[in-house]
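What the coordinates show
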Amino acid sequence: MTTDPRRFIPKMDVILQYPAVQAAHERVAPYRVRAVIDAVLDDVRSASLAPSQIEEELAARLEDVRPYSLSPVINATGVIVHTNLGRAPLPPAAVDALVAAASYTDVEMDLDSGLRSRNRGRAATEAVLAACPGAEDALVVNNGASALLLATAALAPGKEVIISRGELIEIGAGFRLPELIESTATRLREVGATNRTHLADYERALGEKTGAILKVHPSNFLISGFTSSVSVAQLRQLTDLPLIADIGSGLLTPDEVLPDEPSASEALRNGADVVLFSGDKLLGGPQAGVLVGTKEAIAACKKHPLARAVRIDKLRLNALEAAISTSTNAVHEALHISAERQKERTARIAAAVGADVVEHDGRVGGGGAPEVPLPGWAVALPEDLARPLRLGATPVVARVSQGHCLVDVRCVPESQDAELIAAIQAVM
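Residues numbered from 1 in each chain as written. Predicted model: local features only at pLDDT ≥ 70, side-chain atom pairs only at ≥ 80, totals over all residues. Heavy atoms only, no water.

The name recorded for the protein chain in an unreviewed UniProt entry is L-seryl-tRNA(Sec) selenium transferase, from Corynebacterium minutissimum. Reading the Sequence similarities (unreviewed entry) entry of the UniProt record for the protein chain gives the comment "Belongs to the SelA family." Listed in UniProt under the heading Cofactor (unreviewed entry), the comment for the protein chain reads: "pyridoxal 5'-phosphate". (UniProt positions renumbered as here; feature names shortened; annotations may be inferred.)

Right, here's the structure in full:
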């Protein structure tokens, strides 16, 4: 008779004394260590691992166990604000700001008097105001959806908000802005048609129940052909009611690379009372919802009870201030990358891995400048290398298109070129 190898599995008390297990307990919670132990013992019980290999296997697996799960990846898709990859990468100054705010801070403390301060987040809003001409005041909340919810609830409480049918947007994961707004006591009054809305449509909808007009930039899609829409400036001439402009992507001032992308300063100059946008798109900061506008409109938003519910945390407040206050960020650099330098880097990587260089258009992504091409170049690899690249020691996310795995360096810091070459060579 053969002896069942499972009889040689050490007792748990013995396993817990292994040096690798002891070291892991100092880094992560006990349940994470126990999960690895259980997985190794399951392999032994299924006979895919010998009992004599338990200690060695545990040491190998526990070496990679961390108290968090998100891993950095190389974004080689050419999409700058890639929602699936966390949108905007933070500049070094913003990373330092996160660390600085991780401990006890003076976020709501006046260190001079020792009393509670009413200026929570003031430094971040002042940075926004300095960078956004025309804004009288600002408020930073949890995200873009929170900003829209708060603005409509505060400026049109219990009333109707007029919106064009061509701006009833659904964003990622089936999330619909109209449903968000109507989750409060605010109701939408839809006007116009999907492709054409006129000033007269808004004029006919105005009445005693009207609380505000909402202008939403359809940043995730384009409607072309037989179309018409009404501008912020035209709506301002129509009525003195609160005018809310949701521009989405967070462009503060016009950019020649994106001539059709609305900016916050333009919307304010054209008469918007409040302009809303995200912090983690073209602004290049952390996830946040930013409201800029008149003192009266922002004051109404600050006083509304929802302001507390959508309040942003100290970490992102500090990071947002740093992202705005630094000289540049990864989003700006990727958007304005030198075509010659991009081609040169692409050619060098292609030569190192024995591949071809092809023309490739990047994109802004994240609901900004839809369908606007950003001309550039990419390394063309076989399509079947896309998955191994994603699963490598340094995960590389490339774009699969027309039978190729396309590696675009637009969003890759030049300091990572050698790492990118090594990752490609490892899977070839």
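Another point: the sheet that holds strand 12 (residues 289–293). Pairing is mixed in the open sheet, where seven strands are placed in the order 4-12-11-10-9-5-8. Where the open sheet ends on each side, the last strands, each with one partner, are strand 4 (137–141) and strand 8 (187–191). With strand direction ignored, the average angle separating the axes of adjacent strands in the sheet is 25 degrees. Pairing of strand 11 (residues 274–278) with strand 12 involves five bridges; the strand directions are antiparallel. Within strand 12, the residue paired with leucine 276 across the bridge is leucine 291. Sheet strands touched by helix 12 (residues 295–303): strand 4, strand 11 and strand 12. Its angle to strand 4, the strand with the most contacts, is close to 30 degrees. (Pairing = 2+ DSSP bridges. Helix = DSSP H or I, 4+ residues; strand = E, 2+ residues; numbered from the N terminus. Axes fitted to C-alpha atoms, helices over the stretch in contact; angles between N-to-C directions. Contact = heavy atoms within 4.5 Å.)

The geometry of helix 6 (residues 122–131) relative to helix 14 (residues 314–325) is characterised by a closest axis approach of 8 Å and an angle of 25 degrees between their N-to-C directions. Considering the angle they form, helix 6 stands roughly parallel to helix 14. Handedness of the crossing formed by helix 6 with helix 14: left-handed. Where helix 6 abuts helix 14, its residues Ala123, Ala124, Ala127, Val128 and Ala131 lie against Leu317, Glu321, Ile324 and Ser325. (Parallel < 35°, antiparallel > 145°, perpendicular 65-115°, else oblique. Left-handed = near helix turned anticlockwise from the far one by under 90°.)

With a phi angle near 60 degrees, arginine 87 is a residue other than glycine that sits in the positive phi range. In this structure, arginine 87 sits in the loop between strand 1 (74–76) and helix 5 (92–100). A residue is classified by how much of its surface remains accessible, and arginine 87, at 24% relative accessible area, is partly exposed. For glutamine 402, which is not glycine, the phi torsion reads 50 degrees and is therefore positive. The exposure class of glutamine 402 is exposed, given its relative accessible area of 76%. (Buried < 20%, exposed > 50% of the residue type's maximum accessible area, 1.4 Å probe, protein only.)

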